[in-house]
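A look at the structure
Spelled out from the first residue to the last, the chains are:
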Number of protein chains: 2
Amino acid sequence: MVRSTHSPSVLTDHRFWNDLKPLKRLAILGSTGSIGQSTLSIVEQFPERYSVATLAAGRNLDEACAQAVRWRPKMVSLATEELAAQLTSRLRQAGVSGVEVVHGVEGTVACATHSEADFVVSAIVGVAGLEATHAAILAGKPVGLANKECMVAAGEILTAAARRHNVPILPIDSEHNAVHQCMRVGAYSEVKTIWLTASGGPFRQTPLDRFPGITPEQALKHPTWVMGRRITIDSATMLNKGLEIIEACRLFDVPPAKVRVTVHPQSTVHSLVEYVDGSILAQISVTDMRLPILYALAYPERPASTLTFDLAALRHLDFEEPDFKRFPCLRLAYEAAEKGGAHCIALNASDEVAVEAFLDRRIPFTGIPDTIEKVLASTPEAHPATIAEVLAADRQARERAAQLVS
Amino acid sequence: MVRSTHSPSVLTDHRFWNDLKPLKRLAILGSTGSIGQSTLSIVEQFPERYSVATLAAGRNLDEACAQAVRWRPKMVSLATEELAAQLTSRLRQAGVSGVEVVHGVEGTVACATHSEADFVVSAIVGVAGLEATHAAILAGKPVGLANKECMVAAGEILTAAARRHNVPILPIDSEHNAVHQCMRVGAYSEVKTIWLTASGGPFRQTPLDRFPGITPEQALKHPTWVMGRRITIDSATMLNKGLEIIEACRLFDVPPAKVRVTVHPQSTVHSLVEYVDGSILAQISVTDMRLPILYALAYPERPASTLTFDLAALRHLDFEEPDFKRFPCLRLAYEAAEKGGAHCIALNASDEVAVEAFLDRRIPFTGIPDTIEKVLASTPEAHPATIAEVLAADRQARERAAQLVS
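Note that the structure is predicted; figures quoted are calculated from it, not measured.

Let's shift gears to the relation of the copies chain B and chain A. Of the transformation superimposing chain B on chain A, the axial component is 0.0 Å and the angular component is 180°, with the fit at an RMSD of 0.0 Å. Taken together, the rotation angle and the small translation identify this as a two-fold axis. Of all interface residues in chain B, 98% are interface residues in chain A too; the two copies therefore contact each other through one and the same surface.

A:Pro300 follows A:Tyr299 through a cis peptide bond whose omega is 5°. One can find A:Pro300 in the loop between α12 (290-298) and β12 (316-318). The backbone of A:Arg361 sits at a positive phi, close to 60°, despite the residue not being glycine. Inspection of the secondary structure assignment puts A:Arg361 in the loop between α14 (342-359) and α15 (367-377). Judged by its relative accessible area of 53%, A:Arg361 falls in the exposed class. You will see that B:Asp253, though not glycine, has its phi angle at about 55°, which is positive. Position of B:Asp253 relative to the elements: it lies in the loop between α11 (239-252) and β9 (259-263). On the accessibility criterion, B:Asp253 (55% relative accessible area) is exposed.

Before going further, it helps to examine α15(A). Two residues of an α-helix separated by three or four positions point the same way, owing to the 3.6 residues in each turn. Where α15(A) is concerned, the buried positions are A:Gly367, A:Ile368, A:Pro369, A:Thr371, A:Ile372, A:Val375 and A:Leu376. Taken together, the buried residues of α15(A) touch α10 (229-237), α11 (239-252), α13 (328-339), α14 and α16 (387-405) of chain A.

Of all 7 residues in strand β10 (residues 269-275) of chain A, 7 are buried, a share of seventy percent or more. As consecutive antiparallel partners, β10(A) and strand β11 (residues 280-284) of chain A are separated by 4 residues, and within that stretch A:Gly278 has a phi angle of approximately 115°, a positive value.

Turning next to the domain arrangement of chain A. All names here are of chain A. Taken domain by domain, chain A consists of domain 1 (14-172) and domain 2 (177-405). One C-alpha centre belongs to domain 1, the other to domain 2, and the line joining them spans 25 Å. Listed per partner, the contact involves 33 residues of domain 1 and 40 residues of domain 2. A combined buried area of about 3,200 Å² lies between domain 1 and domain 2, and 67% of that area is made up of carbon and sulfur atoms. If you sort the residues of domain 1 by the area they bury against domain 2, Lys148, Val152 and Pro171 come out on top, with a joint share of 21%. For the pair domain 1 and domain 2, the number of links is 4 salt bridges. Between domain 1 and domain 2 we count 9 residue pairs in polar contact (both at pLDDT 80 or more) in total. Secondary structure elements with two or more residues in the side of domain 1 that touches domain 2: β1 (24-29), α2 (34-45), β5 (119-122), α6 (130-138), α7 (148-164) and β7 (169-171). For the side of domain 1 that touches domain 2, the leading source of residues is α7, giving 11 residues. Class assignment of the residues belonging to the side of domain 1 that touches domain 2 gives a composition of 18 nonpolar, 7 polar and 8 charged.

Pairs of aromatic rings are described using the distance from one ring centre to the other and the angle between the two planes. For the structure on display, the rule yields 16 aromatic pairs over all chains. Measuring from ring centre to ring centre gives 6.2 Å for B:Phe203 and B:Phe211, while their planes differ by 70°; the resulting arrangement is edge-to-face. Taking the relative accessible area as the measure of exposure, B:Phe211 reaches 4% and is therefore buried. Relative to B:Phe327, the ring of B:Phe211 has its centre 6.0 Å away and its plane inclined at 75°; by these criteria the two rings are edge-to-face. Of this pair, B:Phe211 sits in the loop between β8 (191-198) and α9 (216-219) while B:Phe327 is found in the loop between β12 (316-318) and α13 (328-339), placing the two residues 116 residues apart along the sequence. For the pair shown, B:Phe211 and B:Phe327 are each scored as buried. Joined through ring pairs, the aromatic side chains of A:Phe203, A:Phe211, A:Phe327, A:Phe358 and A:Phe365 make up one cluster. Cation over ring: A:Arg70 sits above A:Trp71, and NZ or CZ is 3.9 Å from the ring centre.

On to the interface of chain B and chain A. A common way to state how big an interface is: give the accessible area lost once the parts meet. Taken together, the contact between chain B and chain A spans 44 residues of the former and 43 residues of the latter. Summed over both partners, the interface of chain B with chain A buries about 3,700 Å², with 53% contributed by carbon and sulfur atoms. Area buried by chain B at its contact with chain A is led by B:Asp277, B:Arg302 and B:Leu311, which between them contribute 20% of it. Viewed at the interface, chain A and chain B are joined by 2 salt bridges. Of the charged contacts, one joins A:Arg302 and B:Asp277 as a salt bridge, the two residues approaching to 2.9 Å between their closest N and O atoms. Where chain B meets chain A, there are 22 residue pairs in polar contact (both at pLDDT 80 or more). Sorting the residues of the side of chain B that touches chain A by element identifies α8 (174-182), β8, β10 (269-275), β11 (280-284), α12 (290-298) and β12 of chain B as the ones contributing at least two each.

Moving on, we get to the sheet that holds β9(B). Spatially, 8 strands are ordered β9(A)-β8(A)-β10(A)-β11(A)-β11(B)-β10(B)-β8(B)-β9(B) in an open sheet, and the strand pairing comes out mixed. Because the sheet does not close on itself, it has two edges, and the strands there are β9 (259-263) of chain A together with β9 of chain B. Sheet twist, expressed as the mean angle between neighbouring strand axes with direction ignored, is 25°. Those strands touched by α8(B) are β11 of chain A together with β8, β10 and β11 of chain B, and its axis lies near 40° from that of β10(B).

Residue and element names in this part refer to chain B. Within the structure shown, the criterion is met by 48 salt bridges over all chains. Notably, a salt bridge pairs Asp323 with Arg326, separated by 2.9 Å at the nearest N-O pair. Asp323 gets classed as partly exposed once you look at its relative accessible area, which sits at 28%. One salt bridge connects Arg331 with Glu335, and the closest N-O pair in it is separated by 3.2 Å. Here Arg331 pairs with Glu335, and both are found in helix α13, just 4 residues apart, close to one helical turn. Take Glu335: its relative accessible area is 38%, and that puts it in the partly exposed class.

Between two packed helices, what matters for the description is the angle formed by their axes and the separation of those axes. Residue and element names in this part refer to chain A. Between α13 and α15, whose axes approach to 10 Å, the crossing angle comes to 20°. By the angle class used here, α13 and α15 are roughly parallel. Judged by the twist between their axes, the crossing of α13 over α15 is left-handed. Every residue of α15 that contacts α13 at Pro328, Cys329, Arg331 and Leu332 is listed here: Pro369, Ile372, Glu373 and Leu376. Classifying every residue of the contact of α13 with α15 by side-chain character gives 6 nonpolar, no polar and 2 charged.

So, on to α11(B). All names here are of chain B. Between its first and last C-alpha, α11 extends 20 Å over 14 residues, near the 20 Å set by a 1.5 Å rise per residue. The buried fraction of α11 is high, at 14 of 14 residues. A positive phi of about 55° marks Asp253, the residue just after α11.

What counts and how
Residues numbered from 1 in each chain as written. Chains lettered and ligands numbered in written order. Predicted model: local features only at pLDDT ≥ 70, side-chain atom pairs only at ≥ 80, totals over all residues. Heavy atoms only, no water. Least-squares fit on C-alpha atoms with pLDDT ≥ 70 in both. Contact = heavy atoms within 4.5 Å. Helix = DSSP H or I, 4+ residues; strand = E, 2+ residues; numbered from the N terminus. Buried < 20%, exposed > 50% of the residue type's maximum accessible area, 1.4 Å probe, protein only. Pairing = 2+ DSSP bridges. Domains from an automatic or database assignment. Buried area = accessible area lost by both parts, 1.4 Å probe. Salt bridge = Lys/Arg side-chain N within 4 Å of Asp/Glu carboxyl O. Polar contact = N/O pair within 3.5 Å; in protein donor to acceptor, adjacent residues only side chain to side chain. Nonpolar A, V, L, I, M, F, W, Y, C, P; charged D, E, K, R; others polar. Phe/Tyr/Trp six-rings, centres within 6.5 Å; stacked < 30°, edge-to-face > 60°. Lys NZ or Arg CZ within 6 Å of the ring centre and 35° of its normal. Axes fitted to C-alpha atoms, helices over the stretch in contact; angles between N-to-C directions. Parallel < 35°, antiparallel > 145°, perpendicular 65-115°, else oblique. Left-handed = near helix turned anticlockwise from the far one by under 90°. Expected span 1.5 Å × (residues − 1).

In structure tokens, the structure reads:
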């Protein structure tokens, strides 16, 4: 039978072609956190493009159980053997079968390297997600990276592995996602400066002499983003931007001198890339993490989304130079970025301990950079070559910081 | 002999590789104008990358002669036979040989299609450059297009020819050049809106009732760009932005509804592209035409230039919606863009006549949109299929406009 190309059957062919686009099966590490939940909302919106292969969570049993029932992944990992046993029992009661329940770092690694996962969303906060992210790269899985500590603590190891295995790492951090987009307009060798935008946090205009008296309540009020407690304090000290400087150096293979910060209170321009010819490309969008997640999942495509920014309503964009006196964490980050390796690990680890101490009112706000500076000063120059060495350096820095804040 | 890859000879190999980059030999149409002179300054700066094949000028004999002596092109074209004869005589006196001197439209076409030209810079203002640009495309020469009237009057013909002959057209207009850069970050099908920025001209905040009294002297003061007289008046009426809307529709194959204007008084963001996923890419640079010229010449590469923008000095960027009441030319342009063909030709032609009349104080400032609107109203819907038909429609519109302003 000869079919006319103008017959209604071409519609079927078109649908068939759409069906042929590969379904990406996701391993979501940190599924009960903010990025994990946003990723699942995208899977919900694009069921023909994304599915859930595995979910790795921590201690949020209720949410992990609800996700397992809803998404029927092949595997779920929780923090401990006990939590895993509880989940197994709950799933049995709910009549859910076919979900393998695992636990601990090994469980997270098993989720990250599962044979049915095509793409790994790495969103476990802190260095906890490090081993799983490394394992995913070694297993050849493309990674959407929302965990900036991974790149700060082990960026040299992760990017070397990604190059060796030809695995793309797509940044989900809004700034680095913006940089990734702007980097598509030229060659890496043509990049002159990566400009990371910073909101400046709540103390951008606070007089310097009031910094010692800043309380946790004041520091937890971020002007533009709603985020976790540590990252909110890191925004207030601008250490967060410091970590992003190091992350940018690793992700885009540039020296620290090529990464600069511009304070942009509206958080509308997410970052900029300046090229050697003089052109600067900027990325603008709503402040909604679903946008960089969707970008990473769909790259190099851009699906239509409802996350639109009303450019007609755009009124003013302000930019100013960051104040290194108010925010010594920025200087400390550049120093760590220059030295690399153990210093980057120490910067991140000592900050985490110091932020916890500040939130517990054991040290003042200005004690955060003071603690970091002392830990960095006592850190020997070293370049850990394995994840085990990274974790050891991380533990050492935490111990030194803990002594300082106690 | 076995050579170590670590021997100093790799340096030689590298230089050799650089030498192998092809020299682009340029045909510069409109060589004595502002864009032509800027193009020659770039050839001067990058002598190993660009050379001059041919130069087409108009009536500026002195400058054309100086350029011919300096650049020794294979061919120079001037407006008339008499000017050409004078140039021939002057070159003979100066002892310059090997430069063929031609004239008129045929001379410009000969320059554009010369066998030794690899790339054509089309910068003859108005429809005068149209035939030569069309001929260049038919001859398979990549075009850097600074002449927006070409795209407005004959965009449908030129882009069809460019597609048929697989010839790139690289926009040199700063806005479209910015759009071209921002379009590299996604697929054409993923573009939601092209946002052209407009300075808003000198009358952005002038009360509406003062518009009839605006003088040529007031209208010739543009806040950010120094340009020719017609384009400066077109900026004051925003008809210039209207022509750019049509140019964008043609260059990037989008309907008028997908092209919008945002008023941005600083002229720092040269344009933006909004994608369907919600990301907006913006291009920022100095207001210097050498930047888009260099981009077009070097594309897809970006050579290092001194045309840097000091992002650290960036303070405020303002954006506002354009006022269609103050600037009826914008509405007229959208109407012409929707109808296409003869209406776009009539928009451009009637404006040129009306601007001349305004500068001669024969009609008031508000007479410019009035004249255009009347000419458009009497223009029959038609889509000229040849350059001859375009030029005929252009002449008809000019005649109607001339009657109206006399």
